[in-house]
Structure formats: C-alpha cells, structure tokens
Amino acid sequence: TGGRFFGHTGTPTEDGVPGVVYDMAITGDGRMLYVSGDFLHFGGRGGLLAIDTASGAPAAWQPELDQPRPVFGLTIWPGDRTSVVAATGGRGGSFQFFTPNKGTSPLWVGRVDGDATDVTATTERVYGVGHWDHGVPDKGDPCLRHVPVSCPDGTPHRKLIAYEAETGQTDASFTAQANTDTGPYVALVGAHPTPGSLPVQKL
C-alpha cells in the first residue's frame, strides 16, 4: 500500500510511495533473514522485518523497535550469530540490540543525536557510525525533541561510537572522532577480528 518514513525526523507518511530496503542480515544458522529500510508496510512491518527463510513469510517472532522509525543498517552479533543490531534514524538515532529468545523489545538501546547509518560488531563490541555529534544516555533527554536534534551536553562521539555488546554500555575507551560533516555510511569489521570472534559479512 506504499508509505514510508520521511524527512529528517523519519515521520511516518502515508503518501502511497513505497519505502526503500537499506540493508539485510542473515543469522548464522540461515533460518532468519532481517530486512531494514524506511518502509511502513513490508510484511506488515515498518522499518524492520524478520523473515523465515524456509517459507519466505514473516517469522513468528518480530523485533519491536522502541518507536516507529527507519532502520538504515543491520548486523548479526557474532557472539551468538542470532542476535541482530539495528542502526536507526528518526528524531535522534539509535542502536538497538535484539535477541529472538529474549522477548521482542531491544535488550539495550544506545542513543545519539543524529541518524545512525550502519553498525558492525565483534563478540565484545558493537561499533556504530552515522550523522551525529554526541551520545545521549538518557532516552528522555529533552534535546531529542528538538528539530533538528542537537544534544551538545551529551558525550562527544563525533560520527563514531562503540558499546559493550552484552550490556549496551558506551565504551569510554573508544575515542575515535570523524572530521567530516556527514560521517560514514558503512561500517565493517576488519580482516582480523578479536580472538574467538567470527567474521561479520555485510551485503
């Protein structure tokens, strides 16, 4: 029926224009395919859809974003090869970590003051990139309601951020900053991931 998340704040817009698929990721066992984008009505879902690869139908379990929003990037966490991390936009970006056997809500959410465009992971860390300047630990921070979103009192993490994979705590030791206006669009794990971790492949 068309419909998409539109504009800087990712406003759900029923304009008959079909949304776009931005990324896909498949679990290590090959049973689940995650699809993300700015669509409102793909398999009855908006922004993020889990597909049963055996049937091609929407899976019985579906991740529920903390609010309706576009999802620009996905990665499978190599710690269990099943959990998925979504990089989202909207009114303040976020990174949301889901595990199928632990409910439909994200186990943790990391927030930033601009679109999160992609995400990648090792067994120990989740690395995010995008168009922001600050991490925002408080989901109720009034700065996230401004248009455009700006949270100058947040923690400086210009376009790059890292989280503890299992807890979602910001990794304060990761201090890399990007010196571009828009920041990166894609994140990848290097050729030699940390010991014990598995390579992450992106489509």
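Residues numbered from 1 in each chain as written. Predicted model: local features only at pLDDT ≥ 70, side-chain atom pairs only at ≥ 80, totals over all residues. Heavy atoms only, no water.

**Points about the overall build of the protein chain**
Helix and strand counts for the protein chain stand at zero helices and 14 strands. Moving toward the C terminus, one meets the helices and strands of the protein chain in the order β-β-β-β-β-β-β-β-β-β-β-β-β-β. The C-alpha radius of gyration computed for the protein chain amounts to 16 Å, which stays within 12% of the reference 17 Å derived for 203 residues, consistent with globular compactness. Along the three orthogonal principal directions, the C-alpha set of the protein chain runs to about 45 × 45 × 30 Å. Expressed as a percentage of its 203 residues, the buried residues of the protein chain come to 47%. Carbon and sulfur atoms make up 54% of the accessible area of the protein chain, which amounts to about 9,800 Å² in all. (Helix = DSSP H or I, 4+ residues; strand = E, 2+ residues; numbered from the N terminus. Rg over C-alpha atoms; globule rule 2.2 N^0.38 Å. Buried < 20%, exposed > 50% of the residue type's maximum accessible area, 1.4 Å probe, protein only. Areas by Shrake-Rupley, 256 points an atom, 1.4 Å probe, with all protein chains shown as cover.)

**Some words on the environment of Gly-168**
You can see Gly-168 is positioned in the segment after β14 (160-164). Given the relative accessible area of 13%, Gly-168 is considered buried. In this structure, Gly-168 is in contact with Trp-108 and Tyr-163, ignoring residues within four places of it in sequence. (Contact = heavy atoms within 4.5 Å.)

**Overview of the pattern of salt bridges**
One pass over the structure, following the stated rule, counts eight salt bridges. A salt bridge links Arg-111 to Asp-66, with the nearest nitrogen and oxygen atoms 3.1 Å apart. Remark: Asp-66 occurs in the loop between β5 (48-52) and β6 (71-76) and Arg-111 occurs in strand β9 (residues 108-112); sequence separation between them is 45 residues. A relative accessible area of 14% means that Arg-111 is categorised as buried. Given the relative accessible area of 31%, Asp-66 is considered partly exposed. (Salt bridge = Lys/Arg side-chain N within 4 Å of Asp/Glu carboxyl O.)

**Considering unusual backbone geometry**
Residues other than glycine seldom take positive phi values, yet Arg-81 does so here, at roughly 60°. Residue placement: Arg-81 occurs in the loop between β6 and β7 (84-88). Taking relative accessible area as the criterion, Arg-81 reaches 42% and is therefore assigned partly exposed.

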